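Structural overview for review
These are the residues of each chain, in order.
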Amino acid sequence: MKYKLIKEINPNYSAIEQVLTNRGISYNDIKHYLNTTDSDINSAEMLGEERLKSAAAALVSTIKENKKMLVVVDSDCDGYTSSALLLNYLYDLFPAFVKNNVKYYIHEGKEHGLSDTMEYIDIKDFDLIILPDSSSNDYGYHKELAQRGKQIIVLDHHEAAYLSPYAIVINNQLSDYPNKDFSGVGVTWQFCRYLDKLLNNNNADNYIDLVALGNCGDMMSLQSIETKHLINKGFKQVRNPFFYYMADKNSFSLGDTLTPMGVAFYIVPFINAMQRSGTLEEKELLFKSMLSYEAFEIIPSTKRGCKGQTEKLVEQAVRTATNVKNRQTRAQDAGMELLENKIEKENLLDHKVLLFLLKPGEIDKNIAGLIANKMMAKYQRPCCILTKTVETLISDMGHYAPMTRIVYQGSARGCDKTGINNFKDICAATGATSMTEGHQGAFGLGIPENEIENFLNKTDELLKDMSDEPVYFVDYIYNGVDVQPQNILDIASLNDLWGKDVDEAIVAIHDLKVSKDMITLMSPDKKPTLKITLPNKVALIKFGSSQEEYESLLSDGYVAIDVVGRCNQNTWMNYITAQILIEDYEIIDTAKYCF
């Protein structure tokens, strides 16, 4: 087990100051970071006032002239919240128009943008197409639609090479908007704020809960003051039907306060599971439950034993999302078992990158990224799950060339814990890939079959200094029992902050000499919990322990261990004590006698 300090301890800093500066928050900004206000919200006009004016004019003219409009719902949590926010906002102002003239398109798989919508647009003959959270780089489709007289509004945050000349693109990455860590729902909300100014309303702020959920779901950086403020504000005023009912269902796990980490674990995965494993009908049910004007419709119950009864649509959506999540988990477990067998049979651990080359259908492509995350975490190395495809080569003139090639395509994941946080760039640097699209740590990857060996050799070389085991980057290293309870409590007070780029604090204890009178195994017959109580009453807790583990730490003398864990505050009968929840530990020494 390896661990190292993120930064040397500054003796003049409090524990809170040390932890936050370790996470890239400037010391002078800490007070501001902990006390954000609405003044930290950027002006919508910074997205480009001329484009906002054009988009507003296109929308208003469509409404005035009673034309037909389509909203394309992108296939993830940010996409669902973006489209739901826009439709809820418009329905509040123009209910008849939304009911009669607006349709929404939900992708059957995990497609993005316009690739699978063109035929539907043709059939229904929409005048205005709005694409929240997607399509900035759909240049060819934009041109094709524009040539047919269609207007296109893109409300997006993804990187693109340039602004499309055939669409009205509002994108924080392609403008002077200072916050680049803002998701599609944030851009959509800012567009609605701009409409509010034109219409003399204050309606957009009713949907800040969706802004919070979408930014959390898309893992936007919490180092951004604006993003952090809107997430915190949105979590305090949850009104969206699906969000509210799902939070209520998972209230035990979420606790008294919604936090980015809690929402990321107990709400977002249900939305994402629907995108990966839900049927089109199930996806539509979930999306309707996010629409305030659809969510409370009374529909026939699908609950077991309730035939002939009715229920609210949102209640059915929450139950269905839970069922789909369970279905995905079963598929995920089967996929991981298949990959575990491949690791052993094909000696895949001989290389720095865990590269799985699959036949079509061996693993559902929609859950490949999810499984890649699990395998990366288990084996602590970058992971790629790619499926064999046949690619038709096209000439420069756009004509099909009389040849094809085999390419393995799928999902790739980096591994921050071993220091690999730029895996996309590393893959591209091999010169052996046909595609690297997405974020640094989570992206789509393509490798031609004849380049596989080259890819493995190059990544072995580029990653030669990668650690062979996880490295825990810790905020403090205590020696033995010299653990400072107030430090632990101060760090635990920050638990509401943890999220993307503001990682949960971890501390280490070096050479902790554990005697048998310090150890307890609680609930040994149920779900055993190991408890090590230090002389200053700080408790080290390990859930999911065992009788064998407990006995391995018993000695007539002592067992010396290194420990890494997370800081927690335990309250019992109004008495507060400091806890460290054990993440990992290693026995480093034993002594038969203790003097």
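These notes cover the structure that comes with them. (Residues numbered from 1 in each chain as written. Predicted model: local features only at pLDDT ≥ 70, side-chain atom pairs only at ≥ 80, totals over all residues. Heavy atoms only, no water.)

1. Observations concerning helix α7 (residues 139-147)
Counted only if it meets this: In this scheme, a residue with accessible area under 20% of its type's maximum is buried, one over 50% is exposed, and one in between is partly exposed, where area comes from a 1.4 Å probe on protein chains only. Secondary structure elements are taken from DSSP: a helix is a run of H or I of four residues or more, a strand is a run of E of two residues or more, and numbering for both begins at the N terminus. Working note: the arc is built from the helix axis to C-beta atom directions. Here, two residues are considered to be in contact whenever any of their heavy atoms come within 4.5 Å of each other.
Where α7 is concerned, the buried positions are Tyr139, His142 and Leu145. Viewed end-on, α7 has its buried residues packed into an arc of 130°, placing them on one side of the element. Within α7, the exposed residues directed more than 90 degrees away from the buried face are Gly140 and Gln147. The inward-facing, buried residues of α7 contact α6 (118-124), β4 (128-132) and β5 (151-156). Two residues or fewer past α7, glycine 149 is found with a positive phi of approximately 85°.

2. A few points about the packing of helix α8 (residues 184-199) against helix α9 (residues 208-217)
What counts is decided by this rule: Inter-axis angles, ranging from 0 to 180 degrees, are taken between N-to-C directions of lines fitted to C-alpha atoms, where helices are fitted over the stretch in contact. When describing relative orientation, an angle under 35 degrees is termed roughly parallel and one over 145 degrees roughly antiparallel, while 65 to 115 degrees is termed roughly perpendicular and anything else oblique. Charged means Asp, Glu, Lys or Arg here, nonpolar means Ala, Val, Leu, Ile, Met, Phe, Trp, Tyr, Cys or Pro, and polar covers whatever is left, Gly included.
Look at α8 against α9: their axes get within 8 Å of each other, and the N-to-C directions meet at 155°. It follows from the interaxial angle that α8 and α9 lie roughly antiparallel. Here Val185, Gly186 and Trp189 of α8 lie close against α9, whose contacting residues are Ile208, Leu210, Val211, Gly214 and Asn215. Considering only residue class, the contact of α8 with α9 consists of 5 nonpolar, 3 polar and no charged.

3. So, empty space enclosed by the protein
Empty space among the atoms becomes apparent when a probe as large as a water molecule is rolled across them. The condition is simple: We place a 1 Å grid over just the protein atoms. Points where a 1.4 Å probe fits but has no way out form a cavity, open points with protein on both sides within 12 Å along at least 5 of 7 lines form a pocket, and any residue with an atom within 4 Å of a point lines it. Grid points are joined across faces, edges and corners, and a volume is the space filled by probe spheres set on the points.
Taken as a whole, this structure holds 3 cavities of 30 Å³ or more when the rule is applied. In this model, the largest cavity occupies a volume close to 40 Å³. Around the largest cavity, the lining residues are Tyr33, Leu222, Lys228, Ile231, Asn232, Pro260, Asp496 and Leu497. In terms of residue class, the lining of the largest cavity is built from 5 nonpolar, 1 polar and 2 charged.

4. Points about α8
For clarity, the cut-off: The span expected for a helix works out to 1.5 Å for each residue beyond the first.
In this model, α8 (16 residues) spans 23 Å end to end at C-alpha, consistent with the 22 Å of a helix rising 1.5 Å per residue. Among the 16 residues that make up α8, 12 are buried, leaving the element largely enclosed by the rest of the structure. Those residues of α8 that fall on the buried side of the exposure criterion are Gly184, Val185, Gly186, Val187, Thr188, Trp189, Gln190, Phe191, Cys192, Tyr194, Leu195 and Asp196. Phi for asparagine 200, located one or two positions after α8, is positive at around 60°.

5. Focus on the sheet that holds strand β2 (residues 69-73)
Convention followed: In this analysis, strands are considered paired if DSSP registers two or more bridges between them.
What the 5 strands build is an open sheet, ordered β3-β2-β4-β5-β6; its pairing is parallel. Sheet topology places β3 (102-106) and β6 (168-171) at the edges, where each strand pairs with a single neighbour. The average angle at which neighbouring strand axes cross in this sheet is 15°, direction not considered. Bridge count between β2 and β4: 3 bridges; the pairing is parallel. Within β4, the residue paired with valine 71 across the bridge is isoleucine 130. Where helix α3 (residues 49-64) meets the sheet, its contacts fall on β2, β4, β5 and β6, and the angle it forms with β6 comes to roughly 125°. This element, helix α15 (residues 280-289), spans β2 and β3 of the sheet and lies at about 130° to β3.

6. Focus on the packing of helix α14 (residues 268-277) against α15
Inclusion rule: Take the far helix as the reference: if the near one is turned anticlockwise from it by less than a right angle, the crossing is left-handed, and if turned clockwise, right-handed.
Running from amino to carboxyl end, α14 crosses α15 at an angle of 150°, the nearest separation of the two axes being 9 Å. Taken together, α14 and α15 sit at an angle that is classed as roughly antiparallel. Our pair here, α14 against α15, has a crossing hand that is left-handed. From α14, Ile271, Met274, Gln275 and Ser277 reach across to α15, where they touch Glu282, Lys283 and Leu286. Broken down by class, the residue content of the contact of α14 with α15 amounts to 3 nonpolar, 2 polar and 2 charged.

7. Details of the layout of surface pockets
Roughly 460 Å³ of internal volume is contained in the second largest pocket. In terms of lining residues, the second largest pocket is bounded by 26 residues, among which Asn232, Phe235, Lys236, Thr257 and Leu258 are the most central. Elements with a contribution of two residues or more to the lining of the second largest pocket: α2 (30-34), α10 (225-235), α11 (241-249) and α12 (251-254). Looking at which element gives the most residues to the lining of the second largest pocket, the answer is α10, with 5 residues.

8. Overview of the packing of aromatic side chains
Worth spelling out the cut-off: Stacked, tilted and edge-to-face pairs are distinguished by plane angle, under 30 degrees for stacked and over 60 for edge-to-face with tilted covering the rest, among Phe, Tyr and Trp rings (Trp via its six-membered ring) whose centres lie within 6.5 Å. Definition used: whenever NZ (Lys) or CZ (Arg) falls within 6 Å of the ring centre and also within 35 degrees of the ring normal, the charge is taken to sit over that ring.
All told, the structure shown has 14 aromatic pairs when counted by the stated rule. Ring geometry for tyrosine 177 versus phenylalanine 182: centroids 5.9 Å apart, planes at 10°, classification stacked. Under the relative-accessibility criterion, tyrosine 177 is labelled buried at 1%. A residue is classified by how much of its surface remains accessible, and phenylalanine 182, at 1% relative accessible area, is buried. With a centroid separation of 6.1 Å and an interplanar angle of 80°, the aromatic rings of phenylalanine 235 and phenylalanine 243 are classed as edge-to-face. For the pair formed by phenylalanine 235 and phenylalanine 243, the shared burial category is buried. Three or more aromatic residues joined by ring pairs make a cluster, and in this case those are Tyr80, Tyr104 and Phe287. Its guanidinium or amino end placed over the ring of phenylalanine 126, lysine 68 lies 5.7 Å from that ring's centre, counting from NZ or CZ. Its guanidinium or amino end placed over the ring of tyrosine 33, lysine 228 lies 4.9 Å from that ring's centre, counting from NZ or CZ.

9. Observations concerning the sheet that holds strand β15 (residues 476-479)
Read across the open sheet, the 7 strands follow the order β15-β16-β20-β21-β19-β18-β17; overall the sheet is mixed. The open sheet is flanked by β15 and β17 (519-522), the only strands paired with a single partner. Sheet twist, expressed as the mean angle between neighbouring strand axes with direction ignored, is 30°.

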